[in-house]
Amino acid sequence: MAPHDIAVIFLDIVIMLSIALSFGHLMRRLHIPSIVGELIGGIVIGPTVLGRLSPNAYDWLFPNVGPAYMGIDVLTQICVLFFLFFVGLEVDIGMIKKRLYNIAWTSLMGIALPFVLGFSLVILSPQLWGGHAQSMLKLLALFIGTAFSISALPVIARMLKDMGLLKTDTGMIVMGVATINDLVGWSLFTLVLNEFAYRDVPGLSPYTSFIVVLLTLMFLLMAGRVLAQKALQWLKPCSACYMGLAMVFMLLAVVIVELMGIHAAFGAFMAGAAFSRGSDKRIEANDMLSRLVMCFFAPIYFVSIGLRADFFKSFDLLLAAATLLMACAGKVIGATLGAKISGLPSRQAAAIGIALNSRGAMEMVLARVARDAGLIDDRIFVALIIMAVITSIISGPMIKRLVTAE
């Protein structure tokens with residue numbers, strides 16, 4: 001790689017990180033999640049703004065081919081792996097046991113209704129999504145149903161913490177449901193992506209491959225949790241060593257799932273879930289990683305999302321509006337209804353439904369991975385990003401209004 005290309009790569013990192021920190025700080029002052037600012041920053045230095053104002057500068061800074069392009073692409077792939085590993089670390093499976101009945105009903109309805117609405121929206125209005133072939137249409141419908149079903153665990157956790165609700169009964173239920181939503185959603189997405197890319201396990205039928213993939217994921221989760229327990233005994237005085245071992249396991253999980261034909265991102269997420277919170281030592285080690293992820297890896301990744309598409313050229317008002325309305329209706333109504341069925345009061349059930357409607361970072365990652373794989377085009381990508389941004393912005397104020405009105 002030529003010195004010029006190396007210089008461009010590091011200049012790009014400086015620009016992306018500076019833009020992310022500046023716009024993220026501005027959004028936090030406005031009480032908006034920082035990832036919204038990071039995305040907007042990426043749009044400003046991407047083809048949407050900089051590419052129009054100064055095409056030559058944009059092409060020089062962010063070329064579409066060559067060593068500099070490959071370098072930034074590899075960096076963003078590493079960033080998303082560390083971000084999803086961090087998201088997995090935030091999963092607290094033990095929390096689910098405390099309010100299992102409420103969480104089970106809320107999760108069931110909060111996944112089922114948006115999935116059905118997303119799937120039906122694609123099947124009943126194929127022209128809205130680009131008129132795909134019948135075989136592709138079913139896969140797209142499965143993906144949109146999955147995209148409508150997930151919630152943004154990191155954004156929800158930060159939002160509840162800022163409002164002092166994280167340790168409350170409502171916060172506990174929301175975090176438990178969000179954990180299940182992400183586990184189920186990413187499992188469904190992995191299987192859809194696996195089917196789309198025809199990356200089944202070599203030599204096996206699709207159905208046998210499906211079972212092998214699920215068993216592999218369960219093995220990673222269980223093996224990781226056993227290793228985490230042993231690591232707490234072996235490395236008692238060293239939190240940094242514990243987290244180092246966790247990252248080695250994450251990279252090994254990425255290798256395994258890639259060889260199995262599964263996207264690397266899910267391996268990172270499962271590895272994080274395996275080493276998730278459960279003791280003071282884990283919490284201390286996880287906090288060490290969270291500072292690095294949230295100050296470096298995550299900002300660069302979310303800026304890169306804005307660099308991936310021309311948001312003006314690819315904006316489809318009807319598609320964006322339909323995506324936003326149906327996603328919000330499915331998640332809010334479904335989760336609220338599930339919480340009500342489980343016996344929670346109406347106001348608390350509504351607060352839970354609105355909190356789970358925040359899609360934020362997870363929706364952006366899902367959309368980016370699907371776009372890179374060729375499963376969706378730029379129109380759908382932009383519609384999903386807009387939905388993720390708007391739901392992240394509106395959830396906090398709406399929950400605060402419900403809570404303060406009690």
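Residues numbered from 1 in each chain as written. Predicted model: local features only at pLDDT ≥ 70, side-chain atom pairs only at ≥ 80, totals over all residues. Heavy atoms only, no water.

*Asks:* Please provide a residue-by-residue account of the nonpolar core, values included.
*Replies:* One finds L84, F143 and F302 to be the most contacted residues of the largest nonpolar core, which totals 135 residues. Top element by residues in this core is helix α5 (residues 67–89). It accounts for 13 residues. (Core = buried A, V, L, I, M, F, W, Y, C linked by side-chain atoms within 4.5 Å. Buried < 20%, exposed > 50% of the residue type's maximum accessible area, 1.4 Å probe, protein only. Helix = DSSP H or I, 4+ residues; strand = E, 2+ residues; numbered from the N terminus.)

*Asks:* With reference to specific residues and values, describe the confidence of the model for the chain.
*Replies:* Taken over all residues, the pLDDT of the chain has a mean of 81, while the share at 70 or more is 86%. No element of the chain has a lower mean pLDDT than helix α6 (residues 93–98), at 69, and none a higher one than helix α15 (residues 317–341), at 93. (pLDDT = per-residue confidence, 0-100.)

*Asks:* How would you explain helix α13 (residues 264–274) if you had to name every residue and give the values?
*Replies:* In terms of residue burial, α13 counts as a mostly covered element, since eleven of its eleven residues are buried. When we look at burial in α13, the residues that qualify are A264, A265, F266, G267, A268, F269, M270, A271, G272, A273 and A274.

*Asks:* Lay out the packing of helix α7 (residues 100–124) against α15 in plain terms, naming residues and giving numbers.
*Replies:* Geometry of a packed helix pair, given as the angle between the helix axes and the separation of the axes. Running from N to C, α7 and α15 cross one another at 155 degrees; their axes reach a closest spacing of 7 Å. In terms of axis orientation, α7 runs roughly antiparallel to α15. As for the relative orientation of α7 and α15, their crossing is right-handed in sense. Mapping the contact onto sequence places Y101, W105, T106, M109, G110, L113, P114, L117 and L121 in α7 and A322, M326, A329, G330, K331, I333, G334, A335, L337, G338, A339 and I341 in α15. Residues that form the contact of α7 with α15 fall into these classes: 15 nonpolar, five polar and one charged. (Axes fitted to C-alpha atoms, helices over the stretch in contact; angles between N-to-C directions. Parallel < 35°, antiparallel > 145°, perpendicular 65-115°, else oblique. Left-handed = near helix turned anticlockwise from the far one by under 90°. Contact = heavy atoms within 4.5 Å. Nonpolar A, V, L, I, M, F, W, Y, C, P; charged D, E, K, R; others polar.)

*Asks:* Could you give an account of the packing of aromatic side chains, naming the residues involved and the relevant values?
*Replies:* Scanning all chains against the criterion turns up eight aromatic pairs. Note on Y301 and F302: the rings are 5.5 Å apart at their centroids and 75 degrees apart in plane angle, and the pair reads as edge-to-face. The exposure class of Y301 is buried, given its relative accessible area of 2%. In this structure F302 comes out as buried when scored by relative accessible area, which is 0%. Each member of the aromatic cluster is reached from another via a ring pair, and the members are F82, F296 and F297. When the ring centre of F381 is taken as origin, the NZ or CZ atom of R371, which lies over that ring, is 5.5 Å away. (Phe/Tyr/Trp six-rings, centres within 6.5 Å; stacked < 30°, edge-to-face > 60°. Lys NZ or Arg CZ within 6 Å of the ring centre and 35° of its normal.)

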